[in-house]
Amino acid sequence: MPCGARSEGVTSGRHRKSEVHTGPGRPGSRECEEARCRGAGVGRPRGCRARGFSCSSAARQARLRMCRRGWAARLGAGGSSAACRPWTPTPWEPLVIFVCATAGQGDPPDNMKNFWRFIFRKNLPPTSLCQTDFAVLGLGDSSYAKFNFVAKKLHRRLLQLGGRALLPVCLGNDQHELGPDAAIDPWLHDLWEKVLALYPVPLDLGVIPAGVPLPPKFTVHFLPEAPMIRSEEQPGASTDPPGPPSEQQPFLAPMVSNERVTGPSHFQDVRLIEFDITGSGLSFAAGDVVLILPENAASHTQQFCQVLGLDPDQTFTLLPQEPGVPCPARLPQPCSVRHLVSHYLDIASVPRRSFFELLACLSPHELEREKLLYFSSPQGQEELYAYCNRPRRTILEVLCDFPHTAGAIPADYLLDLIPPIRPRAFSIASSLLARPSRLQILVAVVQYQTRLKERRRGLCSSWLASLDPGQGPVQVPLWVRPGGLTFPETPDTPVIMVGPGTGVAPFRAAVQERVAQGRNGNFLFFGCRSRHQDFYWGAEWLDLEKRGCLTLFTAFSREQEQKVYVQHRIRELGPLVWELLEHRGAYFYLAGNAKCMPTDVSEALTSVFREEGGLSSPDAGAYLARLQRTLRFQSETWA
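Everything quoted here is computed from the prediction, not taken from an experiment. (Residues numbered from 1 in each chain as written. Predicted model: local features only at pLDDT ≥ 70, side-chain atom pairs only at ≥ 80, totals over all residues. Heavy atoms only, no water.)

Scanning the protein from N- to C-terminus turns up 19 helices and 23 strands. Counting only residues that meet the buried cut, the protein has 58% of its 639 residues in that class. Of the accessible surface of the protein, which amounts to about 26,200 Å², a share of 53% is contributed by carbon and sulfur atoms. (Helix = DSSP H or I, 4+ residues; strand = E, 2+ residues; numbered from the N terminus. Buried < 20%, exposed > 50% of the residue type's maximum accessible area, 1.4 Å probe, protein only. Areas by Shrake-Rupley, 256 points an atom, 1.4 Å probe, with all protein chains shown as cover.)

Another aspect to go through is the packing of aromatic side chains. Counting across every chain of the model gives 17 aromatic pairs. A cation over a ring is seen here: Lys146 above Phe149, with NZ or CZ 5.0 Å from the ring centre. Here the basic side chain of Lys153 rests over the ring of Phe120, its NZ or CZ set 5.1 Å away from the ring centre. (Phe/Tyr/Trp six-rings, centres within 6.5 Å; stacked < 30°, edge-to-face > 60°. Lys NZ or Arg CZ within 6 Å of the ring centre and 35° of its normal.)

A few words on helix α14 (residues 505-516). Over its twelve residues, α14 runs 17 Å from end to end, which matches the ideal 16 Å to within 8%, given 1.5 Å per residue. Counting buried positions over the twelve residues of α14 gives ten, a clear majority of the element. All of the buried residues in α14 are Ala505, Pro506, Phe507, Arg508, Ala509, Ala510, Val511, Gln512, Glu513 and Arg514. Phi for Gly518, located one or two positions after α14, is positive at around 75 degrees. (Expected span 1.5 Å × (residues − 1).)

To continue, consider the environment of Tyr587. With respect to the helices and strands, the residue Tyr587 is situated in strand β22 (residues 587-593). Taking the C-alpha atoms as reference points, Tyr587 and Pro488, 99 residues apart in sequence, are found 7.6 Å from one another. When neighbours within four sequence positions are excluded, Tyr587 is seen to be in contact with Pro488, Thr493, Pro494, Val495, Ile496, Leu631, Arg632 and Gln634. (Contact = heavy atoms within 4.5 Å.)

Judged by how many residues are buried, strand β4 (residues 95-101) sits mostly within the fold: seven of seven residues are covered. The alternating pattern of β4 places Leu95, Ile97, Val99 and Ala101 and Val96, Phe98 and Cys100 on opposite faces, both of which are buried. Where β4 lies against strand β5 (residues 133-140), seven bridges are found, and the strand directions are parallel. The partner of Val96 across the bridge, within β5, is Phe134. (Pairing = 2+ DSSP bridges.)

Paired through their backbone hydrogen bonds, the strands of a sheet run either parallel or antiparallel. The three strands are arranged β8-β12-β13 in an open sheet whose pairing can be described as antiparallel. The sheet terminates laterally at β8 (218-222) and β13 (335-336), the two strands that pair on one side only. In the sheet, strand β12 (residues 315-320) pairs with β13 via two bridges, with the strands oriented antiparallel. By the bridge assignment, Phe316 is partnered in β13 with Cys335.

So, on to the confidence of the model for the protein. Looking at the protein, the pLDDT average stands at 85 and 83% of residues meet or exceed 70. Between residues 1-52, whose pLDDT stays under 50, and residues either more than four places distant or in other chains, the model counts 335 contacts. Within the model, pLDDT remains below 50 along residues 79-84, and this stretch shows eleven contacts once partners closer than five positions in the same chain are excluded. (pLDDT = per-residue confidence, 0-100.)

Structurally, Leu452 can be placed in the loop between β16 (447-448) and β17 (456-457). Here the alpha-carbon distance between Leu452 and Arg393, two residues 59 residues apart in the chain, equals 7.9 Å. Other than its neighbours up to four places away in sequence, Leu452 contacts Pro391, Arg393 and Glu397.

Let's shift gears to the pattern of salt bridges. Proximity of charged atoms lets side chains of opposite charge pair with each other. Within the structure shown, the criterion is met by 17 salt bridges. Close ionic contact of Arg438 with Glu274 constitutes a salt bridge, the shortest N to O distance being 3.8 Å. Of this pair, Arg438 sits in strand β15 (residues 438-444) while Glu274 is found in strand β10 (residues 270-276), placing the two residues 164 residues apart along the sequence. Since its relative accessible area comes to 6%, Glu274 is described here as buried. Among the salt bridges present, the one from Arg569 reaches Glu572, with a minimum N-O distance of 3.0 Å. Of this pair, Arg569 and Glu572 both sit in helix α16 (residues 566-572), separated by three residues, roughly a single helical turn. When its relative accessible area of 23% is taken as the criterion, Arg569 is described as partly exposed. Through salt bridges with shared partners, a single network forms among Glu274, Asp276, Arg435 and Arg438. (Salt bridge = Lys/Arg side-chain N within 4 Å of Asp/Glu carboxyl O.)

Given below as C-alpha cells:
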C-alpha cells in the first residue's frame, strides 16, 4: 500500500554496541492523515499510524530505555537510500533490535527494501549471524490479511542465518483498544531483562532514573536580532529543483484549481485539486502516489506560542548534542519560531505515551506532574486512552490542559517532545498522457466530532481545502513515489477495477493512461451513495463508455430501499468476472476503505469462483490466494 515509510535504526553500546533498525509502513505508508483519513484513494500503512504510532516512535522508545541503562544508542535507518547502506553484522554490534511494519501486499516498507534484498540473498551462509543476538518488534493492524507479515518473515530469516532470538517476535496491533503499547510494553520489559542478563551494567555506571530527562538532542540558540530570512519557504524546496523532487528537496507546485466535487448537501467535502508540475522533473504512472507536506493552521501556531510563552518572530539556530546527528533538513538555519511551529512540529497529532513521560520530567508543577506521571505509567494506560486517544485530543490541546508545565518547557526539548509533521500521501488521479504537466488528487476533507467541543480535522486535508488559488498564488511542497498498484504491460490484458468512493482515484489515472495507450478491456466497478452527490467523474466515465473505452458498473447505495454495494454488483456479474479472470487472464484491483469492503469483495469473489467455476470452498480460497500471490489481485485500502 502506498504509504511512505522511513526505516530507522539505533546502535547502542557501553563496552559493546547494539543496533535497532526500524521500518514503518508506507506513508502514507504512505504517511497518513488521521486514522479515518486515508484521503483520496490512498492506502494507509500497516504500521500503526491510526494512533499516531510509527516505527520511528517505537525505535525511539527502545532507544530511550537503552540510554537510561547506560547504553550509547544510535538510531539509524534500515537503508533505502544511497546514503544509507543496509545493515550488516559486525563484531562490535552483537545486539540488534529491528522495528518494522508491513506495506503493500505484505511488502517491506520502501526504505527497508535494500536491507530486505541483502538479508534474503541466497548466497548468505547459515552462520552469517552466529555472533548476533536479535529481537524483532513488528507494528501492524490485524484488520489486514498479512498482519505483521514483514516482522514474522524477518524473524524467521534471522534464525535461518544463525542469529539468536532473545524473544519471540513482538506483534504490535493497532486494533487493540490500547494500541500497540499493549504488546510492546511487556515485550520491552522482558527484552531488557534478557539484555541485562547478557550484558550486565558495570557497577560504576549509574542508571538515569525515570523522572530525570535525558539530555536534549539539540540546543536552541536564540539570536539577538532577527536576520533577513524568508521563514515561509521550505528549506531545499524549489520551483526549479536540480534533481528529482524528494522529501529533502520537494517541488513547490503551483496549485491550479481546488474544486469541491460533492454536492452542496452531501455530508462530506471532497476536493479535486490540480497542480502544475511544469519543469519539476516529476514523472509518474498509474498507481503512483504524491506526498505532500502540510502546515499547521496559523491560529494553532499562534496559540502554541502563547501557551509556551514563545515569540513567533524570534529566530534561532540549532546545535546538535549527539555525534553524527545532523540538524533536521527541513529546518532552515537560522529559523524562526513561527516556521518551526507552523512547518515542522506536529502539534495537531495525538500525543504518544512517550510525550507524557518527557513532559512529566519537565514539569515544575506538582499536581500536573503527578497526572502526567500517571498517564505515562502502565497502570494509567486505560485512562490515557480515554483522555487522549478516544477523543483524538491533540498535543496542542494537552499543553493547554497543563498550562504550568507548558509554560516551563525549555526550548531545547521542543524537538524531543513533539514529532515532526509527516508527509501525507495521495493516490495520483490523473495521467501525464492525458494531462501533460498536470497532477491531480482527490481529497476527502477529514472532519468528525468527538466529545471535545472543537471538531477534529485532518491536518493535511483541511489545509489543502483551505487553499484558494483564485485569491493569489499558492504553492504546495510535494514529490512522487511508486505506489502499491502496478498494472499489466501487455496491451490485451483486461483489468477489473473496484473503487468505491474516493478509492476510484488511482483507477482514474489507470483508465486515462490505458485509453491514451489504446488499451481496451477496462472494467470499472464504482460505488457511492448517490449519482447526484458523490459520483466522482461520472460524466467522464459515461463518455468513455459511449466511446467503447470503458465498461462501467455502478452501485448507488442510497437510491433504493435495499442498499446496493460493489460486492453485490460483482456477484450479479459473476459470469463476466469469472470469464475475465479464468479465461482472459484479467488483473483484479481493489481500492477503498478497509473497514468491511475488502472482506465483502473477497467473499463475493470466492462466491463467484464457487458458482461460476464450480470450485469447492477450499479451492475457491486457494484460487484467490493464487491471484494475490501472482499479483493478479492487488488491493489498496485504508482505515
